[in-house]
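# Summary of structural features
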Amino acid sequence: GGNGLKINSEAFKGVGLTSVVIGCSVTGIGESAFADNNLEYIEMQVSGEISNNAFKNNPLSRGVVFNNSVCTVSQGAFANCSIGSIECKGTGTVTLGSQIFSGSNVDKLSIVGSFKLGSGSIGSMSALNNVTLSRVASIDKDAFSKSSNIESFVVIDGGGYSSDSGVILDGG
């Protein structure tokens, strides 16, 4: 329903934040809401949409955790971030839209939990060469488009997916 906190566009843009922990259920995060900070870590519970560029231009070197979230992450939400891991804990499923990490220069990415990797969601990451997936719900056939330097895929507890010699296999 409509009873929840929505964080408006540019609400905390450029204010110098280093971490964000959102313990209550948030119904949405607006465009560029937390962009241009010094965020190293984000932990949140979201039911709704995380808008374009919501966390753009943050280091995020300690990662992002979704707790009991059912949400969609829009294009560029984590653009130009040095994010190395993204995790979904508890119940819920997080759907990743296209190019959510665009401009990121990370070479290793760990995706753990009930994520749906949409078309191009891990796309346009030219430095990415090592991907670890665990318990991922679904992977679109074009999820990794334009991330052409990937040398290794490792699937742990794949829930229908596995890996062999660095290639993702769909068992279903």
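Here the structure is shown first, and the text comes after it.
## Overview of the overall build of the chain
Tallying secondary structure elements over the chain gives zero helices and 14 strands in all. The linear arrangement of helices and strands in the chain, starting from the amino end, is β-β-β-β-β-β-β-β-β-β-β-β-β-β. Whereas a compact globule of 172 residues would reach a radius of gyration of roughly 16 Å, the chain reaches 15 Å, a difference of no more than 12%. Counting only C-alpha atoms and orienting by the principal axes, one finds that the chain spans roughly 45 × 30 × 25 Å. Within the chain, the proportion of its 172 residues that are buried is 42%. By sequence separation, contacts in the chain at least 24 residues apart represent 22% of the contacts at least 6 residues apart. Of the accessible surface of the chain, which amounts to about 7600 Å², a share of 43% is contributed by carbon and sulfur atoms. For the chain, the distance from the average site of its 10 positive side-chain charges to the average site of its 14 negative ones is 3 Å.

## Digging into unusual backbone geometry
Positive phi, close to 60°, is recorded for Asn 80, a residue that is not glycine. Mapped onto the fold, Asn 80 is located in the loop between strand 5 (70-73) and strand 6 (85-89). Non-glycine residue Lys 146 carries a positive phi angle of around 65°. Relative to the assigned elements, Lys 146 resides in the loop between strand 11 (138-139) and strand 12 (152-156). By relative accessible area, Lys 146 is classed as exposed at 65%.

## Structural notes on the pattern of salt bridges
Opposite charge on two side chains permits them to pair, given that their charged atoms come into close proximity. Summed over all chains, the structure comprises two salt bridges. The residue Asp 142 makes a salt bridge to Lys 141 at a minimum N-O spacing of 3.5 Å. Among the residues examined, Asp 142 registers a relative accessible area of 33% and is labelled partly exposed.

## A look at the pairing of strand 2 (residues 19-29)
Within a regular strand, the side chains alternate between the two sheet faces. Bridge analysis of strand 1 (residues 5-7) against strand 2 gives three bridges, and the strand direction is parallel. Opposite Leu 5, over in strand 2, you have Val 26 as the bridge partner. Here strand 2 runs beside strand 3 (residues 41-50); their pairing, made up of eight bridges, is parallel. Its bridge partner lying in strand 3, Ser 19 is registered against Tyr 41.

## Things to note about the nonpolar core
If you look at the biggest cluster of nonpolar residues, it comprises 46 residues, and the most contacted ones within it are Ile 29, Met 44, Ile 50, Phe 66, Phe 78 and Leu 117. Each residue touching Leu 117, except ones within four places of it in the same chain, is listed here: Leu 96, Ile 111, Ile 122, Leu 133, Val 136, Ser 138, Ile 139, Asp 140, Ala 143 and Phe 144.

Scoring rules and cut-offs
Residues numbered from 1 in each chain as written. Predicted model: local features only at pLDDT ≥ 70, side-chain atom pairs only at ≥ 80, totals over all residues. Heavy atoms only, no water. Helix = DSSP H or I, 4+ residues; strand = E, 2+ residues; numbered from the N terminus. Rg over C-alpha atoms; globule rule 2.2 N^0.38 Å. Buried < 20%, exposed > 50% of the residue type's maximum accessible area, 1.4 Å probe, protein only. Contact = heavy atoms within 4.5 Å. Areas by Shrake-Rupley, 256 points an atom, 1.4 Å probe, with all protein chains shown as cover. Lys, Arg positive; Asp, Glu negative; His and termini not counted. Charge placed at Lys NZ, Arg CZ, Asp CG, Glu CD. Salt bridge = Lys/Arg side-chain N within 4 Å of Asp/Glu carboxyl O. Pairing = 2+ DSSP bridges. Core = buried A, V, L, I, M, F, W, Y, C linked by side-chain atoms within 4.5 Å.

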